[in-house]
Protein chains: 2
Amino acid sequence: MSKNMHPLDESLLPWIGKTTKALDHFITEMFASCGIQLTKAQFILLRVLAKHEGIKQNDLASFASREKTTLARLLTTMEKKNLVYRKGSDTDKRTNLVFISPQGKEELDKAIPALVESLQLIQSGITKKELSITLGVLQRIRKNINADEFSNPCKH
Amino acid sequence: MSKNMHPLDESLLPWIGKTTKALDHFITEMFASCGIQLTKAQFILLRVLAKHEGIKQNDLASFASREKTTLARLLTTMEKKNLVYRKGSDTDKRTNLVFISPQGKEELDKAIPALVESLQLIQSGITKKELSITLGVLQRIRKNINADEFSNPCKH
DNA sequence: AATAGTTGGTTGCATATACAACCATCCCCA
DNA sequence: TGGGGATGGTTGTATATGCAACCAACTATT
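Residues numbered from 1 in each chain as written. Chains lettered and ligands numbered in written order. Predicted model: local features only at pLDDT ≥ 70, side-chain atom pairs only at ≥ 80, totals over all residues. Heavy atoms only, no water.

Chain A appears in an unreviewed UniProt entry as DNA-binding transcriptional regulator, MarR family from Reichenbachiella agariperforans.

Given below as structure tokens:
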């Protein structure tokens, strides 16, 4: 290893992205082949929503780690597909409360076990120890990034 | 750990995605604050292109792990920014050969050291052993996925 | 040489994402 | 009570991405 390799190619950077992309693709395909009409983003949102029925859009955005504009448009798409619905709050005319629809629950109830089962394949041949180390590394990276958000490698 | 946690939340799935997103955001911000006019996708493409000048679009797409349509539009954007240019092949009227422009090289030459330096921050507190294990896990996941691309957890 | 199949690339459509700017409403405080 | 700031959401614009369908050009096979 490390013979004439560029430091960037030896780092985790390229591989994290590639793995994410591969996983996204895999999940999308798997859902489709199971007749589950969800994208990955929609699945994530439904999971959050199932635990927080009647949540405000902006809070939902926080829980799902998405910008409010992204979330607003995602909700619009999902509303058209009858996965969720918005309901104006009685006490605050600005606020939309968001609910998962029966059909959304149905898709979610199909998607979760399918994904759990896929975990067997995805993580096969990897020990618990390795998984745990990897998880730690990923979380450490996020912590490093968020801690020093304003560091700047360019000396102007 | 693992007290009443859903298997999905204990798996790597959510964290890989979150880390990728955090890294994307970090890199974009870092580039911007360094006056580097590149997105992450454009940076990746420039790196490939710097090693394969005059490559065909479709081959470039392969190297960069992107669909040819994605690549075509990415190139158009980058051409407008004078980062790359296309040149019709003499021997095959269908083919575009793609080249990095002087300005593209310039941006790349700023971006690479900036990113290398950021690696210090990103990977700080993580041992070589941990990095190596994580890399192995990520690559194993990709292998698992690609190997069994047609497996289907739904028994119809 | 004609046809059929392959390869190279673009366009139409759709999703996901985010920043900036905006409007509407609410809330607090002077 | 009224004005200024905070909060909730949408719209405009942009990037990145991929599938399906398409056209154009090359190649191989008969």
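The rest of the description comes next.
Let's talk about the relation of the copies chain B and chain A
Screw-axis analysis of chain B against chain A gives a translation of 0.0 Å along the axis, an RMSD of 0.0 Å, and a rotation angle of 180°. Overall, the copies show the geometry of a two-fold rotation axis. For chain B, the minimum C-alpha distance to the rotation axis belongs to B:T134 and amounts to 2.4 Å. A shared binding surface is used by both copies, with 100% of the interface residues of chain B retained as interface residues in chain A. (Least-squares fit on C-alpha atoms with pLDDT ≥ 70 in both. Contact = heavy atoms within 4.5 Å.)

Thoughts on the interface of chain B and chain A
Across the boundary between the two partners, chain B contributes 62 residues, which contact 62 residues of chain A. In total, about 5800 Å² of surface goes out of reach between chain B and chain A, with carbon and sulfur atoms giving 69% of it. Across the contact surface, chain B and chain A share 2 salt bridges. Contributions of two or more residues to the side of chain B that touches chain A are made by α1 (7-10), α2 (13-33), α3 (40-51), α6 (102-122) and α7 (128-147) of chain B. (Buried area = accessible area lost by both parts, 1.4 Å probe. Salt bridge = Lys/Arg side-chain N within 4 Å of Asp/Glu carboxyl O. Helix = DSSP H or I, 4+ residues; strand = E, 2+ residues; numbered from the N terminus.)

Concerning the environment of A:I36
The topology assignment puts A:I36 in the loop between α2 (13-33) and α3 (40-51). If we ignore the near neighbours within four places in the chain, the residues touching A:I36 are A:F31, A:E107, A:K110, A:A111 and A:A114.

A short note on the protein's contact with DNA strand C
In the vicinity of DNA strand C lie 26 residues, with A:T39, B:K56, B:R73, B:R94 and B:N96 positioned nearest. Within 4 Å of the protein, the atoms of DNA strand C are drawn from sugar and phosphate moieties in a proportion of 65%. In this structure, A:K93 approaches DNA strand C through a main-chain N or O atom, which is 2.9 Å from a phosphate oxygen. With respect to DNA strand C, the side chain of B:K68 contributes an N or O atom lying 2.8 Å from a base oxygen. Sorting elements by how many residues they give to the surface near DNA strand C places helix α5 (residues 68-80) of chain A first, with 5 residues. A breakdown of the residues in the surface near DNA strand C according to their chemical character gives 3 nonpolar, 11 polar and 12 charged. (Near = heavy atom within 4 Å. Polar contact = N/O pair within 3.5 Å; in protein donor to acceptor, adjacent residues only side chain to side chain. Nonpolar A, V, L, I, M, F, W, Y, C, P; charged D, E, K, R; others polar.)

What to know about the packing of α2(B) against α6(B)
All names here are of chain B. The contact between α2 and α6 brings their axes to 11 Å, and the two run at 130°. Classified by the angle their axes make, α2 and α6 are oblique. For α2 against α6, the interelement crossing comes out right-handed. Packed against α2, whose contacting residues are L23, F26, I27, M30 and F31, the element α6 presents A111, A114, L115, S118, L121 and I122 at the interface. For the contact of α2 with α6, a count of residues per class yields 10 nonpolar, 1 polar and no charged. (Axes fitted to C-alpha atoms, helices over the stretch in contact; angles between N-to-C directions. Parallel < 35°, antiparallel > 145°, perpendicular 65-115°, else oblique. Left-handed = near helix turned anticlockwise from the far one by under 90°.)

With respect to the packing of aromatic side chains
Overall, the coordinates contain 4 aromatic pairs over all chains when judged by the stated rule. A centroid spacing of 5.3 Å and a plane angle of 15° characterise the contact between A:Y85 and A:F99, whose relative ring orientation is stacked. Here A:F99 lies in strand β3 (residues 96-100) and A:Y85 lies in strand β2 (residues 84-88), a separation of 14 residues in the sequence. Judged by its relative accessible area of 18%, A:F99 falls in the buried class. The ring of B:W15 has B:K18 sitting right over it, with the charged end atom 4.8 Å from the ring centre. (Phe/Tyr/Trp six-rings, centres within 6.5 Å; stacked < 30°, edge-to-face > 60°. Buried < 20%, exposed > 50% of the residue type's maximum accessible area, 1.4 Å probe, protein only. Lys NZ or Arg CZ within 6 Å of the ring centre and 35° of its normal.)

A look at the sheet that holds strand β2 (residues 84-88) of chain B
Residues and elements named next belong to chain B. Taking strand neighbours across the sheet as the criterion, the 3 strands line up as β1-β3-β2 in an open arrangement whose pairing is antiparallel. Here the strands that pair on one side only, and so sit at the sheet edges, are β1 (55-56) and β2. In terms of strand pairing, β2 meets strand β3 (residues 96-100) through 5 bridges, oriented antiparallel. Considered in β3, the bridge of R86 is made with V98. The strands touched by α3 are β1, β2 and β3; relative to β3, the strand with the most contacts, the crossing angle is about 100°. (Pairing = 2+ DSSP bridges.)

Digging into the nonpolar core
When a protein is soluble and globular, its nonpolar side chains tend to lie buried together. By size, the foremost hydrophobic cluster in this structure holds 94 residues, and its most contacted members are A:F43, A:L60, A:I141, B:F43, B:L60 and B:I141. When near neighbours in sequence (up to four residues on either side) are disregarded, A:L60 contacts A:L45, A:V48, A:L49, A:I55, A:L71, A:L75 and A:V98. (Core = buried A, V, L, I, M, F, W, Y, C linked by side-chain atoms within 4.5 Å.)

What about the protein's contact with DNA strand D?
In the vicinity of DNA strand D there are 26 residues, among which A:K56, A:R73, A:R94, A:N96 and B:T39 approach most closely. Put simply, 62% of the atoms of DNA strand D that lie within 4 Å of the protein are in sugar or phosphate. Residue A:R94 places a side-chain N or O atom 2.4 Å away from a base oxygen belonging to DNA strand D. Separating a base oxygen of DNA strand D from a side-chain N or O atom of B:R73 is a distance of 2.7 Å. Of all the secondary structure elements, the ones that give two or more residues to the surface near DNA strand D are α2, α4 (57-63) and α5 of chain A together with α3 and α5 (68-80) of chain B. Per-element accounting of the surface near DNA strand D gives the leading share, 5 residues, to α5(B). For the surface near DNA strand D, a count of residues per class yields 3 nonpolar, 11 polar and 12 charged.

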